[in-house]
Amino acid sequence: MERVYNFSAGPSMLPLSVLKKAASELTQYGDSGMSVMEMSHRSKIYGEIFAKVKASLRRVLNVPETHEIIFMQGGATAQFAAVPLNLLGDRDSADYALTGVFSTNAYNEAKKYCSPRVVFSGEAEGFRRIPNQEELQLSDRAAYFHICSNNTIYGTAWNYVPETGSVPLVADMSSEILSRPVDFSRYGLVYAGVQKNMAPAGMAVVIVDKALIGKELPITPTIMSYAKFIKADSMLNTPPTYTIYMLGLVLDWVSDHGGLHGMNALRRERSDMLYDYLDSSSLFKPVAEVSSRSMMNVTFRTGSEELDAKFVKEAAAEGLVNLKGHRLAGGMRASIYNAMPVEGVYKLVDFMKKFERENR
Ligand SMILES: *Cc1c(COP(=O)(O)O)cnc(C)c1O
């Protein structure tokens, strides 16, 4: 079978050239006589791979020296607990904007450690939009303000950086990190599970302002302590060695394709193509409000569950797979991350036009 265009929300597509490079080194890395998977994480050769990946991540993302980069296991979900555990200090509240499933999960996890406040909830509106600055009643007593910058399930995104005064801004960027330039100096902390746009599953990347270290609660598990991970350079225990190596290959690929400016231009091209068609279609309707649209996860529906199911099935037969929306959102979702070729979206739109002609 040919490789398909995989619109999965995550784990998701990886660039073919990255997979081929990994395959060519699978059984033996350089002249090491072994696979990267078989290396001790304390070995000199793995230490070199690790240091190179971390330096490359800092360079590609343009992370300022004020911020540390940490690799942690447990995905983004572990960070829902790690964030309050590490950042609460002597505060007993934090502000949360609920713009979808993951931000709500993060809020519910924080309830175990403090009394978080909901400063916005989009639930009653079906999570179709992101609040504007005027709607956010932030408290200066909050330990931090938490947002999910790109809402993977509902297909919305914060298309601005909220002003938080002296309160650190924390963002879950799992489904958009590495797709656009980000000014990390505006964030106290950013975290992202890597399996959407960075690497195979197995860890989260945390980028944290060093000024926020030293506030962890005494109950913080060792495996979730930013301070301890920074001290051990993310080698407190065995890190996900192969995932980190794969991240390095993805970063090389991003660099070869114009870095984050190149990725940003591509994501605009892909999402414009899809939204332009959706706005002109009389069969398919985009779900997210225009000003809150995500360029990474595009949600749409026909209005008929039967037609939605027929579309998903027929698209898959054309090699356009995983277009079914999340069970909580319904309809369809096309996740178009960095590794989705523009051609894949072109083929999708072409197929949608044909489906529209046949089913109107
Ligand atoms: C996928 C996703 C998560 C959950 O990630 P895990 O690594 O599976 O824990 C959290 N937040 C966002 C925005 C996501 O897209």
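Residues numbered from 1 in each chain as written. Predicted model: local features only at pLDDT ≥ 70, side-chain atom pairs only at ≥ 80, totals over all residues. Heavy atoms only, no water.

**Looking at the environment of I336**
Mapped onto the elements of the fold, I336 is located in the loop between β14 (332–335) and α9 (342–358). The class for I336 is buried, based on a relative accessible area of 0%. In the structure, I336 is positioned 139 residues away from N197 in sequence and 9.5 Å away in space, judged by C-alpha atoms. Residues within four places of I336 in sequence aside, it is in contact with F7, R270, S271, L274, M295, M296, V298 and V345. (Helix = DSSP H or I, 4+ residues; strand = E, 2+ residues; numbered from the N terminus. Buried < 20%, exposed > 50% of the residue type's maximum accessible area, 1.4 Å probe, protein only. Contact = heavy atoms within 4.5 Å.)

**Some thoughts on the site of the ligand**
Surrounding the ligand, one finds 13 residues, the nearest of these being T77, T152, D172, Q195 and K196. At a separation of 2.5 Å, an oxygen atom of the ligand approaches a polar side-chain atom of T77. At 2.5 Å, a side-chain N or O of T152 approaches an oxygen atom of the ligand. In isolation the ligand offers 380 Å² of accessible surface; the protein chains occlude 86% of this area. Take the shell around the ligand: its biggest share by element is four residues, from helix α3 (residues 75–87). Its residues placed into classes, the shell around the ligand shows four nonpolar, seven polar and two charged. (Near = heavy atom within 4 Å. Polar contact = N/O pair within 3.5 Å; in protein donor to acceptor, adjacent residues only side chain to side chain. Areas by Shrake-Rupley, 256 points an atom, 1.4 Å probe, with all protein chains shown as cover. Nonpolar A, V, L, I, M, F, W, Y, C, P; charged D, E, K, R; others polar.)

**What to know about the sheet that holds β14**
Across the sheet, which stays open at both edges, the three strands sit in the order β11-β12-β14 with antiparallel pairing between neighbours. Each of the sheet's edge strands pairs with one partner strand only, and the pair in question is β11 (285–286) and β14. Pairing of strand β12 (residues 297–301) with β14 involves four bridges; the strand directions are antiparallel. Residue F300 lies in a different strand from β14, and its bridge partner there is M332. Running over the sheet, helix α7 (residues 259–280) touches β11, β12 and β14 and is turned about 15° from β12. (Pairing = 2+ DSSP bridges. Axes fitted to C-alpha atoms, helices over the stretch in contact; angles between N-to-C directions.)

**What about the pattern of salt bridges?**
Oppositely charged side chains are able to pair whenever their charged atoms sit close together. Counted according to the given criterion, the structure contains 16 salt bridges. Across the pair E109 and K112 runs a salt bridge whose closest N-O atoms are separated by 3.3 Å. Residue R267 is joined to E176 by a salt bridge in which the shortest nitrogen-to-oxygen separation is 3.6 Å. Pair noted here: R267 is in helix α7 and E176 is in the loop between β8 (169–172) and β9 (189–193), with a separation of 91 residues, a long-range link. By relative accessible area, which is 4% here, E176 ends up buried. Several salt bridges converge on common partners, so that one network encompasses E125, R129 and E135. (Salt bridge = Lys/Arg side-chain N within 4 Å of Asp/Glu carboxyl O.)

**Focus on the environment of T243**
For T243, the location among the structural elements is in helix α6 (residues 241–256). A relative accessible area of 9% places T243 in the buried class. The contact partners of T243, leaving out residues within four places of it in the chain, are V194, A199, P200, A201, G202 and M203.

**A look at the packing of α3 against helix α4 (residues 101–110)**
Between two packed helices, the angle of one axis relative to the other and the distance separating the axes together describe the packing. Packing of α3 against α4 leaves a shortest axis separation of 8 Å and a crossing angle of 45°. Taken together, the axes of α3 and α4 lie oblique to each other. As for the relative orientation of α3 and α4, their crossing is right-handed in sense. Where α3 abuts α4, its residues F80, A81 and P84 lie against F102, N105, A106, E109 and A110. Taken together, the residues of the contact of α3 with α4 sort by class into six nonpolar, one polar and one charged. (Parallel < 35°, antiparallel > 145°, perpendicular 65-115°, else oblique. Left-handed = near helix turned anticlockwise from the far one by under 90°.)

**Some points on the sheet that holds strand β10 (residues 204–209)**
Spatial strand order, β2-β10-β9-β8-β5-β3-β4: seven strands in an open sheet with mixed pairing. Two strands bound the open sheet, and with one partner strand each, they are β2 (67–72) and β4 (117–121). On average, each strand axis in the sheet is tilted by 20° relative to the strand beside it, whichever way the strands run. Relative to β4, strand β3 (residues 95–98) runs parallel, the two being bridged by four bridges. Bridging across to β4, Y96 finds its partner in V118. Contacting β2, β3, β8, β9 and β10, α3 runs over the sheet at an angle of about 160° to β9. Sheet strands touched by α4: β3, β4, β5 (145–148), β8 and β9. Its angle to β3, the strand with the most contacts, is close to 150°.

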